[in-house]
Amino acid sequence: MQIGVPRERKTLEKRVAITPEGAQHLIKRGHSLLIEAGAGEGSGFSDDDYRAVGCRIARTLGDVWSNAELLVKVKEPDPSEFEFFRPDIVLFDFLHLASLPEVAHALLAKKVTAFAYETLRTSEGRLPLLEPMSEVAGKLSVLNGSYLLLSQNGGRGVLLGGAGAAPPARVMVVGAGIAGHAACATAHGMGARVSVFDISEKKLAALHKELPGISTEVSTPASLAKGCSQADLLVGAVLIPGAATPRIITRDMIRSIGSGGVFVDISIDQGGCAETSKPTTLDKPTYEVDGVIHYGVCNMPAQTPRTSTIALAAQTLPFIEQLADLGAAKAIHSSAEIKSALTCFNGKLTNKPTAEALGVPYSAPA
Ligand SMILES: NC(=O)c1ccc[n+]([C@@H]2O[C@H](COP(=O)([O-])OP(=O)(O)OC[C@H]3O[C@@H](n4cnc5c(N)ncnc54)[C@H](O)[C@@H]3O)[C@@H](O)[C@H]2O)c1
């Protein structure tokens, strides 16, 4: 199969969907790889690295899209890519359609077959393609948040770990999944006082067992309100797979954090978990509401493209291989995991939470 990999278009996005090592593996299985010039540069992979393993380098975005049967990328398609959509192309990438109606409608109108990394689920209920990026974003949320707490960045001038007689900062993490776990471990490691909130008591218990120094609480409007009133840094890491993020942090809760406090909303890619959440970009990552610095970057892992590309591509490769070896239709039939990622097919939305979030009829994948 002809596999195409374009250069990412999102602001400061430097990840690439397939490494030269992954490309070599697919070529050995009889597939052809067409990589857009410069696609891997931000992750430390040159065009020559791809050429050396047998890839062809395409000069333009149009060349990649027009020649690909399977188009693999990292982030959702940019509006500049919509003109290349067509019914016989298979797209595999992060889609986050619940918060991106314009991308959803463009894919449906052109009857693209699209599989979303973030909804691909294993039989044990894991989301293996979201996990590595959630881990990176969770770790970065604390680094970005601690930097924004510095006074020259508008923050209230507290150091996460405190010093001497000065107490550590308070970090509140909402969501004890992969991103929340990584945020807790990082903040705890930096000496902060950490509290984590989730609706799953099982996840809270597991996290408490691993990091006994942090406090765990069941997420309710009352517990979240109390937590916010004490927080220096709030991290949003909530997810209902495929659906728009529930807006469980109210504006009053945000106001109670107080001036110079920081809110990093990792879950912004699915719409954000606060009434005040809105997406930002890496070149202008913050805005302020009621004195609280908000950070709402939808592609946080792009800050560490080398790490993120290697971590993500290692997980996606086996599924790219299945799609390329079998073609989309056979892969859907033979793999429940691939089927769980199917989001758009023949002009229909085949992921229920996404369809509900967009108010579009849902069609079960037959
Ligand atoms: N901004 C970025 O660059 C970036 C990068 C990676 C992941 N993400 C996003 O981060 C979010 C978290 O991803 P994850 O992999 O950690 O998900 P996950 O499924 O591992 O964890 C989500 C957690 O949210 C909890 N939750 C659901 N409703 C809740 C509520 N009302 N109160 C408290 N907790 C609640 C769930 O029980 C679960 O433990 C997702 O939206 C994901 O897309 C964003």
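Shown above is the structure to which this text applies.
Because the structure is a prediction, the values reported are computed rather than measured.

(A) Spatial organisation of the site of the ligand. Surrounding the ligand, one finds 29 residues, the nearest of these being Ser-134, Ala-179, Asp-198, Asp-269 and Met-300. Within the contact set of the ligand, an oxygen atom lies 2.7 Å away from a side-chain nitrogen or oxygen of Asp-198. Between the ligand and the protein, one listed contact pairs an oxygen atom with a side-chain N or O atom of Asp-269 at 2.7 Å. Protein burial of the ligand: of its 870 Å² of free accessible surface, 92% is covered by the chains. Most atoms of the ligand, that is more than half of them, are within 2 Å of grid points of the largest pocket. Elements represented by at least two residues in the shell around the ligand include exactly helix 5 (131–148), helix 6 (178–189) and strand 8 (193–198).

(B) Highlighting the environment of Ala-231. Within the fold, Ala-231 resides in the loop between helix 8 (221–230) and strand 10 (233–236). Overall, Ala-231 belongs to the buried group, its relative accessible area being 4%. Put simply, Ala-231 and Val-194 are 37 residues apart on the chain and 9.3 Å apart in space, counted from C-alpha to C-alpha. Those residues in contact with Ala-231 that lie beyond four places of it in its chain are Arg-156, Arg-170, Met-172 and Ile-257.

(C) Summary view of the pattern of salt bridges. As enumerated under the stated definition, the model contains 16 salt bridges in all. With a closest N to O distance of 2.7 Å, Asp-325 and Arg-29 form a salt bridge. Taken together, the residues Asp-325 in helix 10 (residues 305–326) and Arg-29 in the loop between helix 1 (20–28) and strand 2 (32–36) connect sequence positions 296 residues apart. Here Asp-325 falls in the partly exposed class, since its relative accessible area comes to 34%. In this structure, the salt-bridge partner of Arg-255 is Asp-290, at a minimum N-O distance of 3.4 Å.

Rules behind the numbers
Residues numbered from 1 in each chain as written. Predicted model: local features only at pLDDT ≥ 70, side-chain atom pairs only at ≥ 80, totals over all residues. Heavy atoms only, no water. Near = heavy atom within 4 Å. Polar contact = N/O pair within 3.5 Å; in protein donor to acceptor, adjacent residues only side chain to side chain. Areas by Shrake-Rupley, 256 points an atom, 1.4 Å probe, with all protein chains shown as cover. 1 Å grid on protein atoms, 1.4 Å probe; cavity = no way out; pocket = protein on both sides within 12 Å on 5 of 7 lines; lining within 4 Å. Sits in = over half its atoms within 2 Å of the grid points. Helix = DSSP H or I, 4+ residues; strand = E, 2+ residues; numbered from the N terminus. Buried < 20%, exposed > 50% of the residue type's maximum accessible area, 1.4 Å probe, protein only. Contact = heavy atoms within 4.5 Å. Salt bridge = Lys/Arg side-chain N within 4 Å of Asp/Glu carboxyl O.

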